[in-house]
Amino acid sequence: MDKAQQDALKKAAGIEAAKLIENGMIAGLGTGSTVRFLVDELGRRVKEEGLQFTGVTTSRRTQEQAEGYGIKIVDIDDVDHIDITIDGADEVDKNFNGIKGGGAALLWEKIVATNSNKIVWIVDESKVVDTIGKFPLPVEVIPFGAGHVIKKFEAKGYKPTLRLDADGKPVRTDENNYVVDLHLERIDHPQELAEDLITTVGVVEHGLFLNMVDKVIVGDPDGPRVLLNPNK
Ligand code: 5RP
């Protein structure tokens, strides 16, 4: 699949998901190229259909895009609940375990997701996999002592790399932290790995989102299809 085809599938999933937002809702808005299509469609609905809703965003990038469309964005602590959050993902398996954080927004994404009544992911078909882990697993790490955290990951065989920007400087998250990507190739025991990562001092959050999502909208050449998590 080339990029244009992949973008068409991402766009179709984003447009389909935008139908889930209703007047008066408080909606979590994720981050990434698929979510950009979602926000474009929500912007269209605000303008052409008079849709009114309040958004809580998972990154400053999404906030900027949404506010450009006149969508009202509030701080997460200014709402007592979030009706639904729609976000992208880097991989998802048949047990509804996924990897997120390709866009370095995993921490805010997980905070918004855990405070949402319903979580929906929008992905193109290439993101649906048998076993997660081919996509490098992002881990958000405090800059102080990050080198030692990386050494610990190396010793465990996690094959870590510090994520760098185009200028060769460490990528900074919206919380000014670093991202370390683990090149694991496959993750057979995601719960154990999640436990190990979150109990490593210096780690703020990891990109394993295990059995959190309620619904996945998959952009497919035959049209968007929906996967419903039977465990939710
Ligand atoms: C950002 C994310 C994104 O949702 C994920 O990387 C998918 O991105 P895209 O829609 O661009 O493929 O987790 O931190």
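The structure displayed is predicted, hence computed values, not measured ones.

Rules of the game
- Residue numbers restart at each chain and count upward from 1, following the sequence in its written direction.
- Residue-level local features of this predicted model are given only where pLDDT is at least 70; pairs of side-chain atoms are given and counted only at 80 or more, and the full residue set underlies all totals for whole chains, interfaces and linings.
- Hydrogen atoms and water are omitted, and side-chain values are computed over all heavy atoms in the structure.
- Under the scheme used here, helices are H or I runs from DSSP no shorter than 4 residues and strands are E runs no shorter than 2 residues, and both carry numbers assigned from the N terminus.
- We compute the radius of gyration from the C-alpha atoms alone; for a globule the expected value is 2.2 Å times N to the 0.38, where N is the number of residues.
- The cut-offs for exposure are 20% and 50% of the maximum accessible area for each residue type, with area from a 1.4 Å probe on protein chains only; residues under the lower value are buried, those over the upper are exposed, and the others partly exposed.
- It only takes one pair of heavy atoms within 4.5 Å for two residues to be counted as in contact.
- A residue counts as positive if it is Lys or Arg and as negative if it is Asp or Glu; His and the chain ends are not included.
- Charge placement uses NZ in Lys and CZ in Arg. For Asp and Glu, CG and CD serve respectively.
- The source of the domain bounds is an automatic or database domain assignment.
- Once two parts are brought into contact, the accessible area they lose, counted with a 1.4 Å probe and summed over both, makes up the buried area.
- The working definition used for a salt bridge is a side-chain nitrogen of Lys or Arg within 4 Å of a carboxyl oxygen of Asp or Glu.
- Here a polar contact is recorded for every N or O atom pair within 3.5 Å, except that within protein the pair must consist of a potential hydrogen donor and a potential acceptor, and residues adjacent in sequence are included only if both atoms are side-chain atoms.
- Buried residues of nine kinds, namely Ala, Val, Leu, Ile, Met, Phe, Trp, Tyr and Cys, make up a nonpolar core once their side-chain atoms join them within 4.5 Å.
- Interaxial angle, 0 to 180 degrees, is taken between N-to-C directions of lines fitted to C-alpha atoms, where a helix line uses only the stretch in contact.
- Any angle that falls under 35 degrees is termed roughly parallel, while one over 145 is termed roughly antiparallel, one within 65 to 115 roughly perpendicular, and all others oblique.
- By convention the crossing between two helices is left-handed if the near helix lies anticlockwise of the far one by an angle smaller than a right angle, and right-handed if it lies clockwise.
- In this classification, the charged set is Asp, Glu, Lys and Arg, the nonpolar set is Ala, Val, Leu, Ile, Met, Phe, Trp, Tyr, Cys and Pro, and all remaining amino acids, among them Gly, are polar.
- Throughout, near means a residue has at least one heavy atom within 4 Å of the molecule or strand.
- Residue-level accessible areas treat just the shown protein chains as cover; the underlying method is Shrake-Rupley with a 1.4 Å probe.

### Thoughts on the overall build of the chain
The helix and strand tally for the chain stands at six helices and 14 strands. Here the chain has a C-alpha radius of gyration of 17 Å; the compact-globule value for 232 residues is 17 Å, and the two agree. Seen through its C-alpha atoms, the chain measures out along the principal axes to roughly 55 × 35 × 35 Å. Residue burial in the chain is summarised as follows: out of 232 residues, 51% are buried. Pairs at least 24 residues apart make up 74% of the contacts formed inside the chain by residues separated by at least 6 positions. Side-chain charges of the chain comprise 28 positive and 39 negative groups, with the mean position of each set lying 2 Å from the other.

### Brief notes about the domain arrangement of the chain
By domain assignment, the chain separates into domain 1 (3–128 + 210–228) and domain 2 (137–206). Distance from the C-alpha centre of domain 1 to the C-alpha centre of domain 2: 24 Å. With both chains or domains summed, domain 1 and domain 2 bury close to 1200 Å², and 63% of this area falls on carbon and sulfur atoms. At the boundary of domain 1 with domain 2, the tally comes to two salt bridges. D174 is the partner of R60 in a salt bridge, and the nearest nitrogen-oxygen pair spans 3.9 Å. For the pair domain 1 and domain 2, the number of links is six residue pairs in polar contact (both at pLDDT 80 or more).

### Brief notes about the nonpolar core
L137, F153, L182, I187, L193, L197 and L208 are the most contacted members of the largest nonpolar core, which totals 22 residues. Breaking this core down by element, the ones donating at least two residues are strand 8 (137–141), helix 5 (146–155), strand 10 (178–182), helix 6 (190–198) and strand 12 (208–210). Discounting chain neighbours no more than four positions away, the residues touching F153 are V139, Y158, K159, P160, V180, L182, L197, T200 and V203. Ranked by size, the runner-up nonpolar core spans 21 residues in total, among them V35, L42, F53 and I71.

### Describing the packing of helix 2 (residues 33–49) against helix 3 (residues 60–68)
Where helix 2 meets helix 3, the axes come as close as 9 Å, and the angle between the chain directions of the two elements is 20 degrees. It follows that helix 2 is roughly parallel to helix 3 by the angle criterion. Seen from above, helix 2 lies across helix 3 with right-handed handedness. The residues of helix 3 that touch helix 2, namely those facing V35, R36, V39 and D40, are T62, Q65 and A66. The residue makeup of the contact of helix 2 with helix 3, split by class, is three nonpolar, two polar and two charged.

### Details of the site of the ligand
Close to the ligand lie 18 residues, the nearest being S33, T34, D90, G101 and K127. Separating an oxygen atom of the ligand from a backbone N or O atom of G101 is a distance of 2.8 Å. Within the backbone of A105, one N or O atom sits 3.0 Å away from an oxygen atom of the ligand. Computed on the free molecule, the ligand has an accessible area of 380 Å², of which 91% lies beneath the protein chains in the complex. Put simply, the parts of the chain that give the shell around the ligand at least two residues each are helix 2 and helix 4 (106–114). Considering only residue class, the shell around the ligand consists of four nonpolar, eight polar and six charged.

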